[in-house]
Amino acid sequence: MVESPPGGPTLDDGSAAAAYSDVRRFRLLVLEGGEIGAKIESTSDRCSIGSHPACQLVLDEPTVSRFHCEIRLVDGGARVVDLGSRNGTMVDGVRIRDADLGNGSVLRLGRAAIRFDYELATNRIALSGRDQMGDMVGGSPAMRATYALLERAAATSMTVLFEGETGTGKSVAAYEVHRQGARTDGPFVTVDCGAIPPSLLESELFGHERGAFTGADAQRIGAFEEADGGTLFLDEIGELPLDLQSKLLRILETRELRRVGGSKMITVDVRVLAATNHDVRAAVNDQRFRADLYYRLAVVTIRLPPLRERRDDLPVLVEQILRSLGARGPEAQPLRTADALAEMASAPWPGNVRELRNHVQRCIFHGRALPVDHGDHARSAAEAETVTAVVEVDLEFAEAKRRALIGFERRYLVALLERHAGNVAAAAAAAGLHRVSLHRLLRDHGLRAVR
């Protein structure tokens, strides 16, 4: 949930957490490549492996990417996710993108090999005592763990990188860190790095002097100066052009900037928070994002959980959305029924809370609980095999691709279950998946097997 680069500052817990969640501890042992025989034990629910010093397990091996893969504890098990590495990740001889790990599994990263083993001991993850933080609501363990991290981050002046899928509430979380921190009386300025043309982004961030370029008929104060004494939130930081990344790194290190067309250095007192809905580490591997800038931004990393990992929060989320829309009368009742909530809990929600809000709005408009989009789950096996996905050109490429992949997964799973009459063991064998992996995929898409 939270990562700090080795040798970096430690967080002081400014507010005592009310409880803890225990997660299994695991050990990684280097068998080949790097320092053979080196081993580490996990300290949280995530552990990254690569050649970059920000990783928990650092391998000095040329065939290992800076951020090669990450092990994540999910639903009582362990998964390994490849982070867009150059040479790929293999588990027990099979190349994977995302796969379950068993006790004794061997991971191969280029010429390096690592064995994964569970330990008998556990690690404790702090849980906040609250079930709401500003506009964020939900008392699920995933959210209470997130609140605990946000509380700790708010008590510091550190740079924070928020990660999470679209619609998980990264901007809301960033505002809460500002609001509950020492800079609460200062400005909170947001710049969406993905929504501003690259030609204008430098001026947006750093400002410009009159006559700096064609059309600059007046001096302009940039976002860094506007946020002086407060917080600057850089949304979609992964979209920042490379030439601006070096300038941002310099400002983060010196707290000094020069306006476009200017000659004077200006000192600013700004706390920087950043967010991304893509894994910036993959961009570092592809040299689309500077490794030193990532290291400087990710002093603390906080991941916002997707809605599918916090389905227990759906009732309170629906209530919050209804209140925000002013729906307190009969029009809200159809969405409060057990059937409606169960239907919503079974959906994958690729757009997360934002998509849920849109669904609630549509239901209010039509005056009834509408069916939830399950990603074409009602299609037959034949249709699922031949369906042509609609290209959503109104979305950014990465988001359109992600939604298309989610739709494909669901259609494949539906057809797979139909072919094997709901038998998970037979379906998993035919698909080349571990049964645990198939069960998790089915749960993620709200599908149920017969046996």
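Residues numbered from 1 in each chain as written. Predicted model: local features only at pLDDT ≥ 70, side-chain atom pairs only at ≥ 80, totals over all residues. Heavy atoms only, no water.

(A) Up close: the overall build of the chain. Scanning the chain for helices and strands turns up 14 helices and 20 strands. A total of 451 residues make up the chain; the buried ones form 48% of that total. The contacts in the chain between residues at least 6 apart in sequence include a share of 64% that link residues at least 24 apart. When the accessible area of the chain is evaluated, it comes to approximately 21,200 Å², of which 50% is carbon and sulfur surface. (Helix = DSSP H or I, 4+ residues; strand = E, 2+ residues; numbered from the N terminus. Buried < 20%, exposed > 50% of the residue type's maximum accessible area, 1.4 Å probe, protein only. Contact = heavy atoms within 4.5 Å. Areas by Shrake-Rupley, 256 points an atom, 1.4 Å probe, with all protein chains shown as cover.)

(B) Expanded view of the pattern of salt bridges. Using the criterion set out here, one finds 26 salt bridges in the structure. Among the salt bridges present, the one from Glu61 reaches Arg111, with a minimum N-O distance of 3.3 Å. Of this pair, Glu61 sits in the loop between strand E4 (57-58) and strand E5 (69-74) while Arg111 sits in the loop between strand E10 (106-109) and strand E11 (112-127), and the two are 50 residues apart along the sequence. In this structure, Glu319 and Arg336 form a salt bridge, with 2.6 Å as the shortest nitrogen-oxygen distance. Linking Glu319 in helix H8 (residues 314-324) with Arg336 in the loop between H8 and helix H9 (338-345), this pair joins segments that are 17 residues apart in sequence. (Salt bridge = Lys/Arg side-chain N within 4 Å of Asp/Glu carboxyl O.)

(C) Main features of the sheet that holds strand E7 (residues 89-91). Pairing within the open sheet is antiparallel, and its 6 strands lie in the order E2-E1-E11-E10-E7-E8. The sheet is open, and its two edges are formed by strand E2 (39-41) and strand E8 (94-96), each paired on a single side. Each strand of the sheet is rotated relative to its neighbour by a mean of 30°, with strand direction disregarded. Summarising the sheet, E7 and E10 pair through 3 bridges and their orientation is antiparallel. Each residue of the ladder has a partner; that of Thr89, found in E10, is Leu109. Sheet contacts for helix H1 (residues 141-154): strand E1 (19-32) and E11; angle to E11, the most-contacted strand, approximately 80°. (Pairing = 2+ DSSP bridges. Axes fitted to C-alpha atoms, helices over the stretch in contact; angles between N-to-C directions.)

(D) Region of interest: helix H5 (residues 242-254). Compared with an ideal rise of 1.5 Å per residue, which puts 13 residues at 18 Å, H5 spans 19 Å between its outermost C-alpha atoms and is within 8% of the ideal. Those residues of H5 lying buried are Leu244, Gln245, Leu248, Leu249, Ile251 and Leu252. End-on, the buried residues of H5 take up no more than an arc of 165°, which puts them together on one face. Those residues of H5 that are exposed and angled more than 90 degrees off the buried face are Asp243 and Glu253. Looking at the packing, one finds that the buried side of H5 touches helix H3 (198-206), helix H4 (223-226), strand E16 (231-235), strand E17 (256-257), strand E19 (271-276) and helix H7 (291-297). Positive phi shows up at Arg255, right after H5, with a value of about 60°. (Expected span 1.5 Å × (residues − 1). Arc of directions from axis to C-beta.)

(E) Representation of the side chain of Thr168. With respect to the helices and strands, Thr168 occurs in the loop between strand E14 (160-163) and helix H2 (170-179). Within the structure, Thr168 has its side chain in polar contact with the backbone oxygen of Glu165 (distance 2.7 Å). The residues contacting Thr168, other than those within four sequence positions of it, are Leu304, Pro305, Pro306 and Asn352. (Polar contact = N/O pair within 3.5 Å; in protein donor to acceptor, adjacent residues only side chain to side chain.)

(F) Examining the packing of aromatic side chains more closely. A complete count under the given rule lists 7 aromatic pairs for this structure. Plain terms: the ring middles of Phe26 and Phe116 are 5.2 Å apart, the flat faces sit at 40° to each other, and that makes the pair tilted. Taken together, the residues span a long stretch of sequence, with Phe26 in strand E1 and Phe116 in strand E11 at a distance of 90 residues. For the pair shown, Phe26 and Phe116 are each scored as buried. Put simply, the rings of Phe26, Phe116 and Tyr118 pair up and form one aromatic cluster. A cation over a ring is seen here: Arg24 above Tyr118, with NZ or CZ 3.7 Å from the ring centre. Residue placement shows Arg124 over the ring face of Tyr20; its charged tip is 4.5 Å from the ring centre. (Phe/Tyr/Trp six-rings, centres within 6.5 Å; stacked < 30°, edge-to-face > 60°. Lys NZ or Arg CZ within 6 Å of the ring centre and 35° of its normal.)

(G) Structural context of the sheet that holds E16. If you walk across this open sheet you meet the 5 strands as E15-E16-E19-E14-E20, and the pairing is parallel. Two strands in the sheet have a free side with no partner beyond their single neighbour: strand E15 (188-192) and strand E20 (300-303). Direction aside, the axes of adjacent strands within the sheet are offset by 20° on average. Summarising the sheet, E16 and E19 pair through 4 bridges and their orientation is parallel. Bridge assignment links Leu234 to a residue of E19, and that residue is Ala274.

(H) The arrangement of the pairing of E1 in detail. Here E1 pairs with E11 via 12 bridges, running antiparallel. Paired with Val30 across the strands is Ile114, a residue of E11. Across 3 bridges, the pairing between E1 and E2 is antiparallel. The residue of E2 that forms the bridge with Arg27 is Glu41. Connecting the antiparallel pair E1 and E2 is a turn made up of 6 residues, with Gly33 showing a positive phi of about 75°.

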